[in-house]
Amino acid sequence: MERFLTQVDFSWLLNSCEWQRKDFTQNFDGIVSDVLSVFLVKYGKQWNGKATQKIVGRTPYEAAAVIVEDYGLPISTDELLSEITPIFSEKWCNIKAQPGASRLINHLRFHGVPMALASNSSKENIETKISYHQGWKESFSYIIGGDQVTSPKPSPEIYLEAAKGLKVDPSSCLVIEDSLPGVTAGKAAGMEVVAVPSLPKQTHLFTSADEVINSLLDLQPEKWGLPAFKDWIEGTLPIEPWYIGGPVIKGFGRGSKVLGIPTANLSTEDYSAILSEHPSGVYFGWAGLATRGVYKMVMSIGWNPYFNNTEKTIEPWLLHDFNEDFYGEDLRLAIVGYIRPEANFPSLESLVAKIHEDGQIAEKALELPQYSKYRDDPYLKSSPQQQSS
């Protein structure tokens, strides 16, 4: 059966949107946090992010109503929207694409797969926001906003209208969603649904979805009758390189002692914005120590489900045997590839085995020209003074 993709709320496609942000509860540096933190001070209130889960996937009006009620604001929902919408509008150009969003859109467009975009936000807002991403608007055969239907998500109406717009049967559509209202809407429309939860540690809530994945990097289109990606190389996915660095700190005390794997932890205090832009998972690349050299590296980003971290962490493992600790030394990382999503394990032994497998994959992949060329990246060999200059 021919498969069509009904893509959904642009908050799935974009890192920041009108009322929500991917991994928002862990990172208060996003557009929503910036805007509401300043705005609520006007009324003697302080944004704490607790309303985030209530507003994910809702229409702007519904989200505004939540803010008015939860914070006891002495204004109406309409008044809040009229005050705050212009502020958000000024920031739309700063919206970043979710990792894997452009890759997926370009892939499906190349293969001629019809796509629709259905969001609870207004069509005007949707088109304005995606206009900042080259080729996105032209990739969608049909775009529909919440202002064009009688009942927004979780009603199936918006998806049924999207299927009509594509001129296909709803049962032949695949929905990719980031919110519970969206998943509910997709299933009620008779479509198959892949959930990519916007908020961390929420997978257990998406039981009605046909599949739940950690990020768009983990989507396997061939499972749903769509063309498979061909860009994986020996178990790794090349990504646009990104960089992070700082002094090595003491972590949770479990690397060497519990796992037998010494990790060179970095503080997340100054990197919450960067971490919010990258899905949790296992990555790899190159690590530079100012006085020692450049080494192969594999790293985890996330909450480490086995240990149930309370905050998103960065835990690099330098694939080299060092004779001594190097706490306090400046560590610079060039992250060039992705291996797998974060996962839980039934035992410590299975976790350790998987980490060693990740290390072997990274060790081998970093010999490939696709990745080895970054070993000489100037960032890895720069001093802290040069980085800040």
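Residues numbered from 1 in each chain as written. Predicted model: local features only at pLDDT ≥ 70, side-chain atom pairs only at ≥ 80, totals over all residues. Heavy atoms only, no water.

Participant: Explain the packing of aromatic side chains to me, please; I cannot follow it from the model alone.
Facilitator: The description of two aromatic rings rests on the distance between their centres and on the angle between their planes. For the structure on display, the rule yields 10 aromatic pairs. Between Tyr283 and Tyr338 the ring centres are 5.2 Å apart and the planes differ by 65°, which places this aromatic pair in the edge-to-face class. Of this pair, Tyr283 sits in strand 9 (residues 281-289) while Tyr338 sits in strand 12 (residues 330-340), and the two are 55 residues apart along the sequence. No difference in accessibility class separates Tyr283 from Tyr338, as the two residues are buried. Each residue in the set Trp232, Trp242, Tyr283 and Tyr338 is aromatic and connected to the rest through ring pairs, giving one cluster. When the ring centre of Phe229 is taken as reference, the NZ or CZ atom of Arg103 above it lies at 3.5 Å. (Phe/Tyr/Trp six-rings, centres within 6.5 Å; stacked < 30°, edge-to-face > 60°. Helix = DSSP H or I, 4+ residues; strand = E, 2+ residues; numbered from the N terminus. Buried < 20%, exposed > 50% of the residue type's maximum accessible area, 1.4 Å probe, protein only. Lys NZ or Arg CZ within 6 Å of the ring centre and 35° of its normal.)

Participant: Could you clarify how one ought to interpret the pairing of strand 4 (residues 173-177) in this entry?
Facilitator: The side chains of a regular strand alternate between both faces of the sheet. Among the five residues in strand 4, five count as buried, and that is most of the element. Along strand 4, one buried face is formed by Cys173, Val175 and Glu177 and the opposite face, lined by Leu174 and Ile176, is buried too. Taken together, strand 4, helix 10 (residues 180-188) and strand 5 (residues 192-195) form a β-α-β motif whose crossover is right-handed. (Right-handed = clockwise from strand over helix to strand, strands pointing away.)

Participant: Can you walk me through the pattern of salt bridges in this structure?
Facilitator: Charged atoms that come close allow side chains of opposite charge to pair. With the rule as written, the count across this model stands at 16 salt bridges. Glu127 is the salt-bridge partner of Lys137, the closest N and O atoms lying 3.9 Å from each other. Residue Lys137 is located in helix 8 (residues 136-139), and its partner Glu127 is located in helix 7 (residues 123-130); the two are separated by 10 residues in the primary sequence. With relative accessibility at 39%, the residue Lys137 sits in the partly exposed group. Three or more residues joined by partner-sharing salt bridges are found here, namely Arg292, Glu324 and Glu329. (Salt bridge = Lys/Arg side-chain N within 4 Å of Asp/Glu carboxyl O.)

Participant: Quick question: what am I supposed to make of the nonpolar core here?
Facilitator: In summary, soluble globular proteins display a tendency toward joint burial of nonpolar side chains. Core analysis: the largest hydrophobic core is formed by 23 residues, its most contacted members being Tyr283, Met299, Leu318, Leu331, Leu333 and Ile335. Those elements that place two or more of their residues in this core are strand 7 (237-249), strand 9, strand 10 (293-302), strand 11 (313-318) and strand 12. No other element matches the five residues that strand 7 contributes to this core. Once residues within four sequence positions are removed from consideration, Leu333 is found in contact with Trp242, Tyr243, Ile244, Leu266, Trp286, Ala287, Met297, Met299, Pro316, Tyr379 and Leu380. (Core = buried A, V, L, I, M, F, W, Y, C linked by side-chain atoms within 4.5 Å. Contact = heavy atoms within 4.5 Å.)

So, to be careful, I would describe these as geometric facts and stop short of saying anything about function.
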